[in-house]
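So the chains spell out like this:
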Amino acid sequence: MPDTTTTRYLLGERDIPRAWHNLAADLGGLAPSVHPVTGRPVTADDLLAIMPPELARQETSREAEIEIPWQIRRAYAQWRPTPLFRARRLERALGTPARIYYKYEGCSPTGSHKANTAVAQAFYNQQAGIRRLVTDTGAGQWGSSLAYAGALFGLAVQVFMVRVSYQHKPHRRTFMEAYGARCVPSPSPETAAGRAVLAADPDCEGSLGIAISEAAELALSDPATSFASGSVLNHVLLHQSVIGKEAVAQLALADDHPDVLIGCVGGGSNLGGLIAPFLHPAAGPPPRIIAVEPTACPTLTRGRIAYDFADSAGLTPMLRMHTLGHTYMPPALHAGGLRYHGIAPLLSAAHERGLVEALSLPQTECLAAGLRFARTEGIVPAPESSHAIAAVVREALRCKEAGRAESILFGLSGHGHFDLTAYENHLADRLHDQPLDENALAASFARLPAAALVQD
Ligand SMILES: *Cc1c(COP(=O)(O)O)cnc(C)c1O
């Protein structure tokens, strides 16, 4: 009889964290973002044009702990604390002496970690009298999470969805509409930024950079409308720190301390949230941290450190980060949530300081690891999350070879129920790994804002 034991470390509603942990407090000496027009460091006041005061304050805060209002903790209680599992069946299948743990964020109403920041942003906007939230979405996880949070707090939501995903993921659009949101394929004729792109290329597949430009344009033109960001920005990583805070308490129940932390990175929010409390000086010696990205969009491994725009039209502040260039158009890939030209400045700085390693992996290896996980642990992971799993498999096999019983914790950022087409194509052997388009990358680097290049 096979062993079907499941080890799950559970916390109760009272253990929902009372404060978020701010990675910015532990990194020190961070470069400020730069205003796109004045060229001066961005202040909380500048941000008021697109977000409410409390989020602007959090974005520029260097405090270590920021209290979570009870209204947000009450919303979190619908699915938090999330479980932490020991992946014993995966360990056994790999024959590894390593102990593998995962923090599962797929049990939120929308199936990913994005709901953690969506409810926080909706709450602060509702408190500030905002009536509509606009945003961009790639694969649709963020758009659906914001749509859910908008419904919870009584705000209208409009989502610009990258056209190629809009066409390939009709259920995601319906999911957003089920919550009462409006979903528009981007580039769209509804904004100047969208019209400019369509004039140059009527068949443009879209990108997150273009969708952010469209959403930012609407937010700038209407005082009752705010922009909501699903990743990258400091306040988003702050909200995601509930993941790491709970994981610390759960590993204490397991009487373990991680040697390695692993997560997939698109904009860097789920990994940033997982690692935040582990980088705090009081947490002891920091573990190795591995950020995993697709070879088709290798921001940390191939990007340059520069001041660059978060969007393609150049409406947003310039962020100091690893970037492939704001005009880089990553190829359509199944892990749509990892298809972004830049990365959170906080994670970029952590990598620059040697606190975080980066690894880029091809999507076929990742989807194969995702299936292996489904067949051992019983959860079909999001294609994005399968990147973390592929790196976990590599690390577990390294431990096996070296005979080392290390402790590995990874973030399982979401389930893959809306992304079965990726697995369908993989199972039918229709997926191939494409080499990076070096010419497109070079052309994009050449279009980085001139004065902004910090380092080659
Ligand atoms: C959006 C998304 C990601 C990537 O975004 P980060 O900000 O890097 O976390 C990863 N996994 C899932 C399931 C997502 O929805």
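No experiment lies behind these values; they were computed from the predicted model shown. Numbering of residues begins from 1 in every chain and follows the order in which that chain's sequence is written. Selection of residues for local features in this predicted model requires a pLDDT of at least 70, selection of side-chain atom pairs for listing and counting requires 80 or more, and totals for whole chains, interfaces and linings are taken over all residues. Note: side-chain values were computed over all heavy atoms of the structure, leaving out hydrogens and water.

Okay, the site of the ligand next. When we say a residue is near a molecule or strand, we mean one of its heavy atoms is within 4 Å of it. Contacts to the ligand come from 18 residues, most closely from Lys114, Ser231, Gly266, Ser269 and Asn270. We call two N or O atoms a polar contact when they sit within 3.5 Å, provided that within protein one can donate a hydrogen and the other can accept it, with sequence-adjacent residues counted only if both atoms are side-chain atoms. Measuring from an oxygen atom of the ligand, one finds a side-chain N or O atom of Lys114 at 2.6 Å. Residue exposure ignores everything except the shown protein chains as possible cover, and the areas themselves are Shrake-Rupley values with a 1.4 Å probe. Against a free-state accessible area of 380 Å², the protein chains account for coverage of 98% of the ligand.

Along the chain, the position of Gln158 falls in strand 7 (residues 156-162). Think of it in three bands: with a 1.4 Å probe and only protein chains considered, a residue is buried below 20% of the maximum accessible area for its type, exposed above 50%, and partly exposed in between. The exposure class of Gln158 is buried, given its relative accessible area of 5%. What makes two residues a contact is simply this: any of their non-hydrogen atoms within 4.5 Å. Dropping the residues within four chain positions of it, Gln158 is found in contact with Arg132, Leu133, Val134, Thr135, Arg182, Val184, Glu190 and Leu218. In this description a helix means any DSSP run of H or I spanning at least four residues, a strand means any run of E spanning at least two, and both kinds are numbered starting from the N terminus.

Time to look at the packing of aromatic side chains. Aromatic rings from Phe, Tyr and Trp, taking only the six-membered ring of Trp, are treated as a pair when their centres fall within 6.5 Å; an angle between ring planes under 30 degrees marks them as stacked, one over 60 as edge-to-face, and anything in between as tilted. With the rule as written, the count across this model stands at 12 aromatic pairs. Relative to Trp79, the ring of Tyr76 has its centre 6.0 Å away and its plane inclined at 75 degrees; by these criteria the two rings are edge-to-face. Measuring from centroid to centroid gives 4.9 Å for Phe175 and Phe418, while their planes differ by 25 degrees, and the two rings are stacked. Of this pair, Phe175 sits in helix 9 (residues 170-178) while Phe418 sits in the loop between strand 15 (407-412) and helix 18 (420-427); the two residues are 243 residues apart in sequence, bridging distant segments of the chain. You can call Phe418 partly exposed: its relative accessible area is 27%. An aromatic cluster of at least three residues, connected via ring pairs, comprises Tyr76, Trp79, Tyr148, Phe175, Tyr179 and Phe418. One Lys or Arg, Arg86, reaches over the ring of Tyr101 and ends 5.8 Å from the middle of that ring. Counting as a charge over the ring demands two things of the Lys NZ or Arg CZ atom: a distance within 6 Å of the ring centre and an angle within 35 degrees of the ring normal.

That's the geometry; what it means functionally is another story.
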